[in-house]
Amino acid sequence: MSGHGHGHGHGHGCGCEGEHEPAERGLEYGLYRRIDLEKLQCLNESREGDGKLVFKPWDRRNERDKFVESDADEELLFNIPFTGSVKLKSIIISGEDDDSHPAEIRLYKNIPRMSFDDTGREPEQAFRLNQDPTAELEYPTKVARFSSVNHLSIHISKNFGAESTRVYYIGLRGEYSEAHRHEVTICNYEAAANPADHRVESIIPQTNFIS
């Protein structure tokens with residue numbers, strides 16, 4: 001009976017988590033695939049484009065060849081657009097094992113192209129971080145506040161005392177749903193129901209407008 005119980009409790013601890021937890025967490029931390037990387041911005045990065053490099057697969061979270069470092073001071077601001085709607089459940093931020101590691105982050109949702117001037121407003125949630133060079137510490141969000149996120153801004157407001165901040169990995173855990181699924185369905189339905197009407201409506205207003 002005890003062996004049977006161990007099988008059921010297997011993923012929650014029982015001394016087995018070292019074997020099984022990474023694979024499960026790797027799947028959970030898959031939201032990086034839902035980021036529109038072409039439009040992702042990182043303000044105050046020392047080298048353009050480096051901010052995109054820290055959003056990577058779980059099994060590459062401890063790689064040290066790609067990172068972003070702040071430029072003028074210790075602050076960084078990530079503007080992260082998703083390709084659909086996200087329910088954000090938790091975040092991991094990993095940096096160097098020194099004073100350049102982020103010490104505080106502030107999360108904002110659905111404020112595209114946010115600038116440092118906007119960081120004075122109240123965040124949806126803020127965290128004081130511990131140094132986490134191995135990317136093991138998970139900070140759970142207030143899910144009710146992050147249930148329909150199309151755009152996430154992460155403001156790293158301070159580090160542990162260094163002149164610049166360095167980040168190796170940002171992991172985002174949550175659920176994802178496709179954008180505009182409902183609207184596409186409606187459009188297809190209307191076009192299939194009355195294609196002739198659609199042709200007339202689209203041609204006549206254009207003709208009148210041009211003339």
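Residues numbered from 1 in each chain as written. Predicted model: local features only at pLDDT ≥ 70, side-chain atom pairs only at ≥ 80, totals over all residues. Heavy atoms only, no water.

The name an unreviewed UniProt entry gives the protein chain is PITH domain-containing protein 1, with Menidia menidia as the organism.

Student: Help me understand the nonpolar core in this model?
Tutor: As a rule of thumb, soluble globular proteins bury nonpolar side chains together. Judged by nonpolar contacts, the single largest core of 28 residues is most densely connected at Phe78, Ile91, Leu152, Ile154, Ile170 and Leu172. Put simply, the parts of the chain that give this core at least two residues each are strand S3 (76-95), strand S4 (102-109), strand S7 (149-159) and strand S8 (166-178). With eight residues, S3 is the largest single contributor of residues to this core. Those residues in contact with Phe78 that lie beyond four places of it in its chain are Gln41, Cys42, Gly51, Val54, Phe55, Val68, Leu152, Ser153, Ile154, Ile156 and Ile170. (Core = buried A, V, L, I, M, F, W, Y, C linked by side-chain atoms within 4.5 Å. Buried < 20%, exposed > 50% of the residue type's maximum accessible area, 1.4 Å probe, protein only. Helix = DSSP H or I, 4+ residues; strand = E, 2+ residues; numbered from the N terminus. Contact = heavy atoms within 4.5 Å.)

Student: Explain the packing of aromatic side chains to me, please; I cannot follow it from the model alone.
Tutor: Enumeration according to the criterion identifies five aromatic pairs in this entry. Both rings, one in Tyr29 and one in Trp58, keep their centres 5.4 Å apart while their planes meet at 25°; by these two values the pair is stacked. You can see Tyr29 sitting in the loop between helix H2 (17-28) and strand S1 (41-43) and its partner Trp58 sitting in the loop between S1 and strand S2 (68-69), a full 29 residues away along the chain. We classify Trp58 as buried; its relative accessible area is 6%. With a centroid separation of 6.4 Å and 70° between ring planes, the pair formed by Trp58 and Tyr169 is classed as edge-to-face. Of this pair, Trp58 sits in the loop between S1 and S2 while Tyr169 is found in strand S8, placing the two residues 111 residues apart along the sequence. Following the ring pairs from residue to residue traces out a cluster consisting of Tyr29, Trp58 and Tyr169. Geometry around Tyr168 places Arg64 over its ring, the cationic atom sitting 4.0 Å from the centre. (Phe/Tyr/Trp six-rings, centres within 6.5 Å; stacked < 30°, edge-to-face > 60°. Lys NZ or Arg CZ within 6 Å of the ring centre and 35° of its normal.)

Student: How should I be thinking about the pairing of S3 in this particular structure?
Tutor: Side chains on a regular strand alternate between the two faces of the sheet. The buried count for S3 comes to 17 of 20 residues, which makes it a mostly enclosed element. As paired elements, S1 and S3 share three bridges and run antiparallel to each other. When the sheet's bridge partners are listed, Leu43 is paired in S3 with Leu77. Note that S3 and S7 share seven bridges and pair antiparallel. Directly across from Val86, in S7, lies its bridge partner Val149. Here S3 runs beside S8; their pairing, made up of 11 bridges, is antiparallel. Bridge assignment links Val86 to a residue of S8, and that residue is Tyr176. Taken together, the two bridges between S3 and strand S6 (residues 139-140) define a ladder with antiparallel strand orientation. Looking across to S6, one finds that Ser90 is bridged to Pro140. (Pairing = 2+ DSSP bridges.)

Student: Could you clarify how one ought to interpret the pattern of salt bridges in this entry?
Tutor: Two side chains that carry opposite charge are able to pair once their charged atoms sit near each other. On inspection of all chains with the given rule, the structure shows eight salt bridges. The network of salt bridges with shared partners includes Glu69, Glu96 and Arg166. (Salt bridge = Lys/Arg side-chain N within 4 Å of Asp/Glu carboxyl O.)

Student: Looking at this model, I keep getting lost on unusual backbone geometry. Mind explaining?
Tutor: Keep in mind that most residues, glycine aside, have a negative phi and that most peptide bonds are trans. A positive phi is found at Asn44, a non-glycine position, where the angle reads about 70°. Structurally, the position occupied by Asn44 is in the loop between S1 and S2. Among the residues examined, Asn44 registers a relative accessible area of 18% and is labelled buried. Of note in the backbone geometry, Arg113 takes a positive phi value of approximately 55° without being a glycine. Tracing the sequence through the fold places Arg113 in the loop between S4 and strand S5 (125-128).

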